[in-house]
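# Tertiary structure, described
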Amino acid sequence: MSSVPFHYVDVRTFCYATEDEKRVEQALRTFLPEEYEVERATSEGHYGDRIVVLSARVENADDVRHVLSQVAAMDDIDAVKAELDDRVDDNCSFFLTFDKQAAFGGDVRRGDGITMRAKVEAYPAKREKAVENARALLDEL
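Report on the accompanying structure. (Residues numbered from 1 in each chain as written. Predicted model: local features only at pLDDT ≥ 70, side-chain atom pairs only at ≥ 80, totals over all residues. Heavy atoms only, no water.)

### A few points about the overall build of the protein
This is how the line gets drawn: Going along the chain from the N terminus, every DSSP run of H or I of four or more residues is numbered as a helix, and every run of E of two or more is numbered as a strand. The size measure is the radius of gyration over C-alpha atoms, and the globule rule it meets is 2.2 Å times the number of residues to the 0.38 power. Accessibility here uses a 1.4 Å probe with only protein chains present; expressed as a share of the type maximum, an area under 20% marks a residue as buried, one over 50% as exposed, and anything in between as partly exposed. Here, residues are in contact when the closest pair of their heavy atoms is within 4.5 Å. Here, Shrake-Rupley sampling with a 1.4 Å probe gives the accessible areas, and only protein chains in the shown set may cover a residue. This count recognises Lys and Arg as positive and Asp and Glu as negative, with His and chain-terminal groups excluded. All charge positions are set by atom: Lys at NZ, Arg at CZ, Asp at CG, Glu at CD.
Within the protein, the secondary structure is distributed over six helices and five strands. Ordering the α and β elements of the protein from the N terminus gives β-α-β-β-α-α-α-β-α-β-α. For the protein, the C-alpha radius of gyration of 15 Å lies close to 14 Å, the compact-globule estimate for 141 residues. In terms of principal-axis extent, the alpha carbons of the protein reach across some 45 × 30 × 25 Å. Across the 141 residues that make up the protein, the buried fraction comes to 40%. By sequence separation, contacts in the protein at least 24 residues apart represent 63% of the contacts at least 6 residues apart. Only carbon and sulfur atoms are counted for the fraction: they give 43% of the accessible area of the protein, which is about 7,900 Å². Taking the 19 positively charged and 30 negatively charged side chains of the protein as two groups, their mean positions are separated by 2 Å.

If you want it as structure tokens, here you go:
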């Protein structure tokens, strides 16, 4: 993978009052380079329960490659390629969600709990060009 056609990758998850924050952070770190900084924002749920939003933005090309190598480890990467038209929006952002429980165990699987948003490089900045670039990268992985 010589060049990375992504400006940045954001990964984010929520830690609810019933969850252990260290375990949720460990699940998020499955996608991040070692010792990468995770930001925390505390919020309140509808019933007054505490919710911690854990997130990280990866911008360095080597770090983006690390995140993408984790995505490439999925068993159903071919299904993701087939869905690219639905996963890239008009702002050239590529979205994918992962199973938080599986990520805690070090396994990368599609599901709910961890959201990834990657800004795809596209010149001109058109959705079709972004889909083409994302497809080329996923084929290379």
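Right, picking up where we left off after that structure.
### Observations concerning the sheet that holds strand β2 (residues 39-44)
To keep it simple, the criterion reads: Only strands that DSSP links by at least two bridges are regarded as paired with each other. Each axis is a line fitted through C-alpha atoms, taken for helices only over the stretch in contact, and angles between the N-to-C directions span 0 to 180 degrees.
Taking strand neighbours across the sheet as the criterion, the five strands line up as β2-β3-β1-β5-β4 in an open arrangement whose pairing is antiparallel. Two strands close off the open sheet at either side, each with one partner strand: β2 and β4 (93-99). Adjacent strand axes in the sheet meet at a mean angle of 20 degrees when their direction is disregarded.

### Side note on the pairing of strand β1 (residues 6-15)
The two faces of the sheet receive side chains in turn, since in a regular strand these alternate between them. A large share of β1 lies buried, amounting to seven of its ten residues. Summarising the sheet, β1 and strand β5 (residues 113-120) pair through seven bridges and their orientation is antiparallel. Counted as the bridge partner of Val-11 is Met-116 from β5.

### Focus on the packing of aromatic side chains
What describes a pair of aromatic rings is the distance from one ring centre to the other and the angle between the planes of the rings. Cut-off, in case you're wondering: Stacked, tilted and edge-to-face pairs are distinguished by plane angle, under 30 degrees for stacked and over 60 for edge-to-face with tilted covering the rest, among Phe, Tyr and Trp rings (Trp via its six-membered ring) whose centres lie within 6.5 Å. Charge-over-ring contacts are defined here by two conditions on Lys NZ or Arg CZ: a distance within 6 Å of the ring centre and an angle within 35 degrees of the ring normal.
Taken as a whole, this structure holds three aromatic pairs when the rule is applied. Each ring, one from Phe-6 and one from Phe-94, has its centre 6.5 Å from the other, and the planes form 40 degrees; the classification is tilted. With Phe-6 in strand β1 and Phe-94 in strand β4, the pair connects residues that are 88 residues apart, well separated along the chain. Considering the side-chain rings of Phe-31 and Phe-98, the 4.6 Å spacing of their centres and the 40 degrees angle between planes classify their relative orientation as tilted. Taken together, the positions of Phe-31 in the loop between α1 (21-29) and β2 and Phe-98 in strand β4 put the pair 67 residues apart, joining distant regions of the chain. For the pair shown, Phe-31 and Phe-98 are each scored as buried. Geometry around Tyr-8 places Arg-57 over its ring, the cationic atom sitting 3.8 Å from the centre.

### A closer look at the side chain of Ser-93
Applicable threshold: Here a polar contact is taken to be a pair of N or O atoms separated by no more than 3.5 Å, where protein atoms must pair a possible hydrogen donor with a possible acceptor and residues adjacent in sequence count only if both atoms sit in side chains.
Position of Ser-93 among the secondary structure elements: in strand β4. Among the polar contacts made by the side chain of Ser-93, one reaches the side chain of Arg-117 at a distance of 3.2 Å. In this structure Ser-93 touches Arg-87, Val-88, Arg-117, Ala-118 and Lys-119, once residues within four positions along its chain are discounted.

### Here's the deal with the environment of Ala-72
By the secondary structure assignment, Ala-72 is in helix α2 (residues 61-72). Note: C-alpha distance between Ala-72 and Leu-138 (66 residues apart in sequence) is 7.5 Å.

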